[in-house]
Amino acid sequence: MTCRIVLIEDLAAPHAAEAAEHVGPLGGWLDERLPGWRTSARPVFVRRANGEEIARDDDPERIARLTPDEGEIVSVLVLPADPVTIGITIAINLAISLALTALSSILFPPPEQPAFEKAPKAGTVFASSVPPNPNRRHEPLPILYGALTYTLDLAAAPYSYYEDNEQYVVALLCVTCGECEINAVLAGETNVDDLPDGVAEWKAYGPADHGQVHGRIGDDFGIWEDMVTSPDVDSLDLRSATQEQKLDIPTEFIAPDTIRLLAAGDRVEAFEAGATIVVSGSASNNGGFTIAAVTKAAGHTDLDVTSGVADEAPTPSLLRAFSNDAIATRNGRQQVWKIAEDPALGTLGLAAGDVVQVTAAGGVDQTGTVVEYSYRPDYTEGETVAGNHTLKLRNPAGGLEVGVFSDFTVYEMSDPPTFDVSGIPRWTGPFRVTKAGQSINRIGLDLVFPAGLYKASPTTGELMEDTAEFRFQCQQIDTDGNPVGDWQTVDYAISTTDVLGSGAGADPLNTPIRLTETIFVGTGEWRIRGRRTNEESAEASDQSRCVWEFLKGQRILRNRPVYGPTTILACRFKISAGLSGKAVGSIRASAQRRLPQIRTPYDGTTLGLSRSPVRALYDICCNPDYGLGLDPAVFLNLSELRAARTLHTGAGLHFDHVFTSQSSAWEAMAIALQPALAKPSIVDGRVTVLQEGPKAARTMMFSPINVLPGTLKVAFGFRNDGDPDGVRIISHQADSLAEVESIFPATSVRPTEQRIYGLTDSAVADDLAKVRWRERARAQTLVELSVRGDGRIPRRGDRVGLSWPTFGWGDACVLVEVDGLDLLLDRPVPDISGGSRWAAIRTETGGVVGPVAMTKTGPRRITLAADPGVELFVLGGAQEPTHIAIGRGSGFLMDLTVEEIAQGDDGGARIRAKGYVESVWDGTVFEALET
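Small disclaimer: the values here were computed from a predicted structure and weren't measured.

> Before we go on, may I ask you to explain the sheet that holds strand S50 (residues 752-755) in this structure?
Sheet strands associate in pairs through backbone hydrogen bonding, adopting either a parallel or an antiparallel arrangement. Ordered in space as S49-S48-S50, the 3 strands form an open sheet in which the pairing is mixed. What marks the edges here is a single partner per strand, and that holds for strand S49 (739-744) and S50. Across the sheet, the mean angle from the axis of one strand to that of its neighbour is 25°, orientation sign disregarded. Both strand S48 (residues 727-732) and S49 contribute to a ladder of 6 bridges, which runs antiparallel. When the bridges of S49 are listed, Ser731 appears paired with Val740. On the sheet, helix H13 (residues 762-777) packs against S48, S49 and S50 and is oriented at approximately 155° with respect to S48.

Written out as structure tokens, the structure reads:
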């Protein structure tokens, strides 16, 4: 089984974890990727998706034997050999959590950032445990931070209904996970609060209001929260009509009053009590009969015609008696027979709708309608050697069988009688109200008289009221659509004045009539059919045409969580007041998120309006529903987060964004801090913020005293022809989410582009473009160096100084003798006036170490201030002696910003930094970010 493994070795950068796919026990992958892991000095921890955690020191062989499940994610954490030495106290749970959240961007291409113009997709985010929206499963729920106006996603299927001859549309929409404040609701471009009274109404419900379950919103807002609209009914005419057909059905006549039709379901729907039928083609029962009652059973239908029936059995015609055994299985209410016939005698020639009788040993005797028949021959060297029959019967009389049976015989009912059902009322339908598996307890019928309901006086032409009468029948069915109960009848008489009213102030009689009728049924799955029971007028001046516009089912409301901890917006619009369907289908909200304060313990109940990037990060880390659910006291540096929040607020920097696609938590934190020119980081095992911007002071100074010899590298980067000549920053408008471009300098024709999600202030975007161009336009100073020891490792983003000597070279010497740090040279050491004395040492490979501070301790003797860290060779040995240059030095100072720190197992670190230029921030909003 293929599992997914995420490996994190650098605790300072869990987002840089490595991932792979593996089949088989975990030990094979570990042996290949981490040789010697069973006995390594570095502790190894393994966590499975089910929460099981195993330490290598407890049972390495158990880890090696683990065989993860198909698709399971397994995290492997490798700690430093001596965590205390390098000052890391990171908790294992945090490292694993961040490694897992990085997995989606490691194993798969990073998800494209959501298009702001697209409506959010409901589902989950941050691999969260929020229940998916019932109408949009498996897609992320939107999560809003800051303040935006954006298109909302449906939380339930919208539906329409008629009341007082007005049409209304109801919609439930998901605004965001968590709580927010809605300032305005827009239909298209129109603020619905500006519409006339009664045209639109809305109300927001937070997690505590709806309790995540059905019922509370509906009771408060007066709607149904889970309505299903059938796709089968869409503006169908309901007319008074009769059958015009003749049916050939195998039949058994049972004296004195029963006609048993060997069929069921839709094949016999035309027969109903009170109808008259005419039988022909039988031996003894030709003629007319009036049906007194209809009784349906498995596989057959009995018509009670009171009298006049003579005994007459159906005539079976033998199709084939099989010598091979038949295998019987059942599929719902279907009987399935499979026969492997050897030798093959060919197909039975049956088709769907044929009625057959099958018998077998053990008293098996079934009569039923063929649902499906297939025949497949087997060949050997081009010759047919066997045949395979599959026969499926619907609801066979005689019951369903399971097992292996001999003496299997198939008969076809030949020469069935013909039933003339002309004159029996014709139904529209039946139609299934919901999809299989959806239970309802109410059925809604939307009926429309598009031209009105009235008669015209043949003498005066005056319009007069009219009445239309209808009959609907509902029948409970099983999941397969088979009836499990009798038809239940509901009659309606709809008159003009019942809908339009009468007297002064009533609408004209030729006004279109719209109404919704509700049928209360028992809990279950249902189908329905309908027809008009009174005749429509044939006069051109009369109007009574009725259209069955929609069929709806009100699903049983669930008391388990369905919404998740979200804010739900309930809306009702009066469509007949002139609102366009396009506008109602594009509902947007102007909303601002409520977030918890940065404190411990996490308190999801005390919330306040916020656009803070850092409070968004805090929510992502600590929210138990869609975030990581971390304990802020253990995993977050709260004092530094609060300081960063205060800094951003003072500079007027905000994060306004809605997450609509699945992201890792680390990606989400990075996106949240982008508008504030900050990044998330882990320092000493806690999440904190690395802030760009002016730095008031250096946090550390590097010089030959604390830099490992031979590790300093300084490089300078210069712009080339063809490089970008400017910077383009893409931000968004908060009220429309339209993209906004900020380009600096304005004359740029080939700018490089950076897209900042959550940035909605164009002035800030303009300043950011200016800062990024100033950085690019200057020559870049890049420095690498290595250090070792407590207190010598800075943090990413720190401003540090580099103090290093330059040289005025004196004489070159050859090493004669070594005694610790005392070196004897082959010639006198020159006297140097002014400045410091330094020695540069050439290594055996031709490289240079130093300069290293030195003191003259004799005519040809010097003492180094520090171990140069390379092997030295003396004159007269087998190796070329070490060459040393001695000269005068003068210091220089360089300001740097630390970009990367790679920590080693020996307590040291490799540091990469770039030149720090404070003037890039001058005259921009980011001057206020000084730390």
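> For this particular structure, what's the right way to read the side chain of Asp302?
With respect to the helices, strands and loops of the structure, Asp302 is situated in strand S22 (residues 300-304). Look at Asp302 and you get buried, because its relative accessible area is 15%. Among the polar contacts made by the side chain of Asp302, one reaches the side chain of Arg260 at a distance of 2.8 Å. The residues touching Asp302, leaving out its near neighbours within four places in the chain, are Thr258, Ile259, Arg260, Ala293, Val294 and Thr295.

> Quick question: what am I supposed to make of the side chain of Thr882 here?
Within the secondary structure, Thr882 sits in the loop between strand S56 (861-864) and strand S57 (883-903). Taking relative accessible area as the criterion, Thr882 reaches 3% and is therefore assigned buried. Sequence-distant contacts of Thr882, defined by excluding residues within four places in its chain, comprise Cys813, Val814, Leu815, Ile841, Arg842, Glu871, Leu872 and Phe873.

> Is there a simple way to explain the packing of helix H9 (residues 613-622) against helix H11 (residues 638-651) in this structure?
Any two packed helices are characterised by how steeply their axes cross, that is the angle between the axes, and by the distance between the axes. Taken N-terminus to C-terminus, the directions of H9 and H11 make an angle of 145°; their axes are 8 Å apart at the nearest point. Across from Pro613, Val614, Arg615, Leu617 and Tyr618 in H9, the residues of H11 making contact are Leu638, Leu641, Ala644, Arg645 and His648. Here the contact of H9 with H11 is built from residues that sort into 7 nonpolar, 1 polar and 2 charged.

> Where do I start with H11 in this structure?
It helps to recall that an α-helix has 3.6 residues per turn; residues three or four apart then point in one direction. In this model H11 runs 20 Å from its N-terminal to its C-terminal C-alpha over 14 residues, within 8% of the 20 Å that 1.5 Å per residue would give. Taken as a whole, H11 has its buried residues at Leu638, Leu641, Ala644, Leu647, His648 and Ala651. Looking at the packing, one finds that the buried side of H11 touches H9, helix H10 (632-635), strand S44 (678-683) and strand S45 (686-691). A positive backbone phi angle near 75° is found at Gly652, which sits one or two residues after H11.

> Would you mind showing me how to read the nonpolar core here?
Judged by nonpolar contacts, the single largest core of 53 residues is most densely connected at Tyr145, Leu172, Ile217, Cys621 and Leu636. Inspection of this core shows a minimum of three residues originating in each of domain 2 (143-221 + 563-590) and domain 5 (597-691). Setting aside residues up to four positions removed in sequence, Leu172 forms contacts with Asp153, Leu154, Ala155, Ala156, Ile217, Ile223, Glu225, Tyr563, Ile568, Leu569 and Ala570. Within the second largest apolar cluster, 27 residues are counted, among which are Ile182, Val199, Ala589 and Val658.

What counts as what
- Each chain has its residues counted from 1, following the order in which its sequence is written.
- The model is predicted, so local features are restricted to residues of pLDDT at least 70 and side-chain atom pairs to those at 80 or more, both for listing and for counting; the totals for chains, interfaces and linings are taken over all residues.
- Water and hydrogen atoms were dropped before computing side-chain values, which therefore reflect all heavy atoms in the structure.
- Should DSSP find at least two bridges between two strands, the strands are taken to pair.
- The way it works is that DSSP assigns letters per residue, a run of H or I at least four long becomes a helix, a run of E at least two long becomes a strand, and they are numbered from the N terminus.
- Angles shown run from 0 to 180 degrees and are taken between the N-to-C directions of axes, each axis being a line fitted to C-alpha atoms and, for helices, limited to the stretch in contact.
- In what follows, residue pairs with any heavy atoms lying within 4.5 Å of each other are defined as contacts.
- To sort residues, take the accessible area from a 1.4 Å probe on protein chains only and compare it with the maximum for the residue type: under 20% means buried, over 50% means exposed, and anything in between is partly exposed.
- Here a polar contact is taken to be a pair of N or O atoms separated by no more than 3.5 Å, where protein atoms must pair a possible hydrogen donor with a possible acceptor and residues adjacent in sequence count only if both atoms sit in side chains.
- Only Asp, Glu, Lys and Arg are considered charged, only Ala, Val, Leu, Ile, Met, Phe, Trp, Tyr, Cys and Pro nonpolar, and every remaining residue, Gly among them, polar.
- Under the convention used throughout, the expected extent of a helix is 1.5 Å for every residue step, that is, one less than its residue count.
- By nonpolar core we mean a set of buried residues, namely Ala, Val, Leu, Ile, Met, Phe, Trp, Tyr and Cys, connected to one another through side-chain atoms within 4.5 Å.
- Domain limits in this description derive from either an automatic procedure or a database domain assignment.

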